[in-house]
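Listed below, chain by chain, are the residues.
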Amino acid sequence: MPMPTSPLVRLGAFRDQLHACYTRRADALFELGDALLCQPTPFLSLPHLSLEPAHQRGWGSTYAALVCGRIDTERLRDLLVRFLPPADPLVFAVDVTTWPRCDAECSPERGYYYHPSRHSAGQPIITGWAFQWITQLSFDRDSWTAPVDARRLHPLDDTDQTAVGQVRALLARLPAGQAVPLFVFDGGYDSAQLTLDLAEVPVAVLVRLRSDRCFYAD
């Protein structure tokens, strides 16, 4: 399927295909996403999102979208890969971000994670949910990224093994014949384990080493 060249036409095609990824309560989920994008500051509550001009439904539809809505995640991942910004070579970053849930004692599968700006008892450790993201980077001096995958981590999940699964799934979606993509990881990942697990796939791996890492000769 040929891609449209005009930015507005390309954006319209993306929004049409994004709407098709919502298999239940599609209109409510779509307007909820538009309201989140148009919100100038962090919203105070879900009903506040219904006050955005882009949200043309009642405030009750926001709860219905989150409770009853369904998203075809695999179709959404395919869509995000098809609309990646052109780049040669492709560069992706893999990292974990934490959503603090310190006071939500009834939230399932919370874990203890590092957080640079929030502290508990003087330590940068909070209770919450961890999400592992893969986003496309560029060599331009800006903060724009193109997310292609996100998975919520269970407290017992291994971040390196989960990252390997995400990288393999992304490689299967990328068009064949392109230059070998580069995946960059922060210092919390095991460079040796990633190298071994991805040795048989066409991918380049760059892992930042911790400043206190020690190396020993034979």
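Coordinates for the structure precede this section.
Residues numbered from 1 in each chain as written. Predicted model: local features only at pLDDT ≥ 70, side-chain atom pairs only at ≥ 80, totals over all residues. Heavy atoms only, no water.

Details of the overall build of the protein chain
Logical step 1: Across its full length, the protein chain carries seven helices and eight strands.
Logical step 2: Taking the principal axes of the C-alpha coordinates as reference, the protein chain spans close to 70 × 55 × 30 Å.
Logical step 3: Within the protein chain, counting contacts between residues at least 6 apart in sequence, those at least 24 apart form 54% of the total.
Logical step 4: Each charge sign in the protein chain was given a centre, from 20 positive and 25 negative side chains, and these centres are 6 Å apart. (Helix = DSSP H or I, 4+ residues; strand = E, 2+ residues; numbered from the N terminus. Contact = heavy atoms within 4.5 Å. Lys, Arg positive; Asp, Glu negative; His and termini not counted. Charge placed at Lys NZ, Arg CZ, Asp CG, Glu CD.)

As for the packing of helix α1 (residues 7-20) against helix α5 (residues 73-82)
Logical step 1: Two elements in contact, α1 and α5, have axes separated by 10 Å at closest approach and are oriented at 170 degrees. Accordingly, the angle class assigned to the pair α1 and α5 is roughly antiparallel. Across from R10, F14, Q17, L18 and A20 in α1, the residues of α5 making contact are R75, L76, L79, L80 and R82.
Logical step 2: In terms of residue class, the contact of α1 with α5 is built from six nonpolar, one polar and three charged. (Axes fitted to C-alpha atoms, helices over the stretch in contact; angles between N-to-C directions. Parallel < 35°, antiparallel > 145°, perpendicular 65-115°, else oblique. Nonpolar A, V, L, I, M, F, W, Y, C, P; charged D, E, K, R; others polar.)

A short note on the pairing of strand β3 (residues 91-100)
The two faces of the sheet receive side chains in turn, since in a regular strand these alternate between them.
Logical step 1: Where β3 meets strand β5 (residues 125-137), 10 bridges bridge the pair, whose relative direction is antiparallel. If you follow T98 over to β5, its bridge partner there is A130.
Logical step 2: The pairing of β3 with strand β7 (residues 182-185) spans four bridges and is parallel. Note on β7: the bridge partner recorded for A93 is V184. (Pairing = 2+ DSSP bridges.)

Examining the nonpolar core
Logical step 1: Of all hydrophobic cores here, the largest spans 22 residues; its most connected members are F92, I134, V167, L170, L174, F183 and F185.
Logical step 2: Those elements giving two or more residues to this core turn out to be β3, β6 (146-153), α6 (159-173) and β7.
Logical step 3: The element that contributes the greatest number of residues to this core is α6, accounting for five residues.
Logical step 4: Apart from residues no more than four positions distant in its own chain, F92 is found in contact with L84, I134, T135, Q136, V148, L170, L174, P181, L182, F183 and V184.
Logical step 5: If you look at the next biggest cluster of nonpolar residues, it comprises 13 residues, including Y22, L29, A35 and L79. (Core = buried A, V, L, I, M, F, W, Y, C linked by side-chain atoms within 4.5 Å. Buried < 20%, exposed > 50% of the residue type's maximum accessible area, 1.4 Å probe, protein only.)

So, the packing of helix α2 (residues 26-38) against helix α4 (residues 60-68)
Logical step 1: Two elements in contact, α2 and α4, have axes separated by 9 Å at closest approach and are oriented at 110 degrees. With respect to α4, the element α2 is oriented roughly perpendicular. Where α2 crosses over α4, the handedness of that crossing is left-handed. Judged by residue contacts, A28, L29 and L32 of α2 engage S61, T62, A65 and L66 from α4.
Logical step 2: For the contact of α2 with α4, a count of residues per class yields five nonpolar, two polar and no charged. (Left-handed = near helix turned anticlockwise from the far one by under 90°.)

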